[in-house]
Amino acid sequence: MSSDDLDITPEQRKLEEQLRELPVSEPNPDFFARLRDEFAHGKISKPLDEPTLHAVDGTRDDSGATGAAAPGSTPGAFESPLHESSGAFGSDSSRRREPSSRGRNLRLFLFPAMAAAAALFLFLFRPPTSEFQVRGEGGGTVAIGGLTFPVTDTDAYRDLLVPGAMFHVEGDMATVLEFEVGDRYKLVATPGVEMTVPATIGKSGSDLEITNGEIRVTSMEGLAQAPLSIDAPGSRIDVMGTTLAVICSPDSVCVCLLDGNAMMTDRDGSPMQLEPGMRRIRFNDNDDPDMIEPIRGDERMKLEALRSRVAP
Amino acid sequence: MSDEQARTPTGALTSPGPNSAGQGTPSLSKETLDAVRQRDPEALRAFFDHFFPRVYRIAQRTARNKETAEDIAQEVFYRIYRAVERLDPERDPSGWVTTITLNTCRKHWASKAEAQARQTLGFEDREGIEERLPAAVANPQEILESSEQKGRLVAALDQLPEPMRETIVLHVYGGLGHDEIAEVLGIGHAAARKRYSRALARLGELLEEDGA
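Keep in mind that this is a model prediction, so the values were computed, not measured.

(A) The arrangement of the overall build of chain B in detail. When you go through chain B residue by residue, the secondary structure sums to 11 helices and zero strands. Along chain B, helices (α) and strands (β) appear in the sequence α-α-α-α-α-α-α-α-α-α-α when read from the amino end. Within the span of chain B, comprising 212 residues, buried residues form 45% of the whole. Considering only residue pairs separated by 6 or more positions, chain B has 70% of its internal contacts joining residues 24 or more positions apart.

(B) Local environment of helix α3 (residues 66-83) of chain B. With 18 residues, α3 of chain B should cover 26 Å at 1.5 Å per step; its first-to-last C-alpha distance of 26 Å lies within 8% of that length. The buried count for α3 of chain B comes to 16 of 18 residues, which makes it a mostly enclosed element.

(C) Region of interest: the packing of helix α4 (residues 94-109) of chain B against helix α10 (residues 178-185) of chain B. Residues and elements named next belong to chain B. Where α4 contacts α10, the two axes come as close as 9 Å, and the packing angle between them is 60°. If you check the angle between α4 and α10, you find them oblique. α4 and α10 meet at a crossing whose hand is right-handed. Together, Ser-94, Gly-95, Thr-98, Thr-99 and Leu-102 of α4 and Glu-180, Glu-183 and Val-184 of α10 make up the contact between the two elements.

(D) A look at the confidence of the model for chain B. Residue and element names in this part refer to chain B. Looking at chain B, the pLDDT average stands at 75 and 69% of residues meet or exceed 70. A low-confidence stretch, residues 121-138 stays under pLDDT 50, and its non-local contacts, those more than four residues away or across chains, total 32 contacts. As a predicted assembly, this complex carries a pTM of 0.48 together with an ipTM value of 0.78.

(E) Quick look at the confidence of the model for chain A. All names here are of chain A. A residue-level look at chain A finds 68% of positions with pLDDT of 70 or above and a mean pLDDT of 72. Long-range and interchain partners of residues 49-101, a stretch whose pLDDT sits below 50, account for 74 contacts in this model, where long-range means more than four residues apart. The low-confidence segment residues 126-130, where pLDDT is below 50, has four contacts with residues more than four positions distant or belonging to other chains.

(F) Seen up close, the packing of helix α2 (residues 29-40) of chain A against helix α2 (residues 41-62) of chain B. As a packed pair, α2 of chain A and α2 of chain B sit with axes 8 Å apart at the nearest point and diverge in direction by 135°. On the basis of their axis angle, the class for α2 of chain A and α2 of chain B is oblique. You can see that α2 of chain A and α2 of chain B cross each other, and the crossing is right-handed. The segment α2 of chain A lies against α2 of chain B, with Arg-36, Phe-39 and Ala-40 of chain A engaging Pro-41, Leu-44, Arg-45 and Phe-48 of chain B. For the contact of α2 of chain A with α2 of chain B, the residue count by class is five nonpolar, no polar and two charged.

(G) Local environment of α4 of chain B. Look at α4 of chain B: 22 Å from first C-alpha to last across 16 residues, which is about the 22 Å you get at 1.5 Å a residue. When α4 of chain B is considered as a whole, its buried residues turn out to be Ser-94, Trp-96, Val-97, Thr-98, Ile-100, Thr-101, Leu-102, Thr-104, Cys-105 and His-108 of chain B.

About the thresholds
- Residues numbered from 1 in each chain as written.
- Chains lettered and ligands numbered in written order.
- Predicted model: local features only at pLDDT ≥ 70, side-chain atom pairs only at ≥ 80, totals over all residues.
- Helix = DSSP H or I, 4+ residues; strand = E, 2+ residues; numbered from the N terminus.
- Buried ≥ 20, exposed ≤ 12 C-beta atoms within 10 Å, placed from the backbone.
- Contact = placed C-beta atoms within 7 Å.
- Expected span 1.5 Å × (residues − 1).
- Axes fitted to C-alpha atoms, helices over the stretch in contact; angles between N-to-C directions.
- Parallel < 35°, antiparallel > 145°, perpendicular 65-115°, else oblique.
- Left-handed = near helix turned anticlockwise from the far one by under 90°.
- pLDDT = per-residue confidence, 0-100.
- Nonpolar A, V, L, I, M, F, W, Y, C, P; charged D, E, K, R; others polar.

Written as structure tokens, this is what we have:
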């Protein structure tokens, strides 16, 4: 008996043994091998929502093991892709609905028209002044208003960077788009970022919105008078005086706080003071618990480098 | 670990020892976890082999049949994969993996489909039970009684309040020690021990009520 189990009476010990003796069926070896391989190669798919997918696209094969509940099986299990006999295991693309050719043609026409209209709108109604400096590095691109520019060609797209306009940075690891907003903060957008151009001082609500990718922010002396507010999916981050990174993926938001003060408020309104040196990962579906742990070495290095450029 | 060695789950699912994710195997090294974070296929295989037995055992005791348990296990590893780059190699991921497993099981347990399946009470716990009984128990009457007894035990386990049931599932089938259970459930070590003891006591009461 381990010291862990000192509270257990002999009768309970016997009951525990009976519980251990309950039969445990082993997984199907094919399933095990397949899931292992899918996991190792990043092809793993979510099984429990599959019935919805099948119902929508109407492509489910209603024959064999997939189409009918086997005797004794539960309703929730019978459409699992792992028990399909087809060769499309784990391949989401094979189950997604293809748009009709009419829809494709319409989109082909509409996208350029809308992009041109958006670009024209942004150009005509741009504010008279911009209170931020912008600088691009690397061989990547920035897409804004339906147009794409080399990230280093800031003169070409500076006028389109109006507060609130959504832009997208693409490129290799050396690509960055950097904003310096008055004397408030310096912000680095990395490849993959989809976010809005930061608002200028005095705008109510959030200053910027990020929907994907990683940004790094370090505050400057003017931030104390006007804290920065960042909207991310499911969370808002209020930056007081600090250096931090916000990393958004489709599934989660991660905030890495190097130092200073920042607050993270969830969709349900519960605020949480972030701890310097720690990162908090919040999963959007609310099923998984938040992860709070020390920030990683590489992230710390990048944040320290950014901070040193503002206050050497 | 070679690819072939780890291809069969057989054996990894028997006799779980406390504090082991997978049959008493040592913890994954920092180097392996670092490679897992980088989504290195070989490291991901090692990670899978290490945690699959625990995940599956917990899922199997939550679900009423093998297919559903496999679905739960698949969803758990899907969730792990999508967040794996944020794994901290400096920390043991066992608690994290178990929490995801538990959350997935809770979601499944609360589903209408599973509630309906529970009404038919552990058919798989009875299914093929004769083959699994020791050879000494060859008497059909004994087989029947043993099968009924196990069925009653499963029914009683299902009737336990969720916190108690989870404690039993995590300890008996997940192989978690009470300190790990405390971490996963966010309670103190003493509270975890006490909850386990109370769960067994309540289980005994339910069996007595059923037998009366």
